[in-house]
Amino acid sequence: MISKTQSALAMVRDGKSVKEAAAVAGVAEATVYIALNRLKGKTLCPCCGQVVREGFEIDQSVLKT
């Protein structure tokens, strides 16, 4: 189960506005904006959308194309 914030971020990635995603997920808009700013400039996993921590790499051979 993912958190409300992660749920809202997924909706934003799928094209919903921050305001709409926050309302559906039940979190404040500011929470979504803070989470988006925290993700800027970081590598995200193409499967789950989580931040890939420093020192880890994404194995491209296991990804669906």
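None of these values were measured; they are calculated from a predicted model.

### Quick word on the nonpolar core
Grouped together as the largest cluster of nonpolar side chains are 12 residues: Ala 8, Leu 9, Met 11, Val 12, Val 18, Ala 21, Ala 22, Ala 25, Val 27, Val 32, Ala 35 and Leu 39. Of all the elements in the fold, those that place two or more residues in this core are α1 (4-13), α2 (18-25) and α3 (29-39). Once you skip the residues sitting within four places of it in the chain, Ala 35 turns out to touch Thr 5 and Leu 9.

### Focus on the environment of Ala 25
Mapping Ala 25 onto the fold places it in helix α2. Distance from Ala 25 to Leu 36, taken between C-alpha atoms, is 15 Å for residues 11 residues apart in sequence. Excluding residues within four positions of it along the chain, Ala 25 makes contact with Lys 4, Ser 7, Ala 8 and Met 11.

Rules of the game
Residues numbered from 1 in each chain as written. Predicted model: local features only at pLDDT ≥ 70, side-chain atom pairs only at ≥ 80, totals over all residues. Heavy atoms only, no water. Core = buried A, V, L, I, M, F, W, Y, C linked by side-chain atoms within 4.5 Å. Buried < 20%, exposed > 50% of the residue type's maximum accessible area, 1.4 Å probe, protein only. Helix = DSSP H or I, 4+ residues; strand = E, 2+ residues; numbered from the N terminus. Contact = heavy atoms within 4.5 Å.

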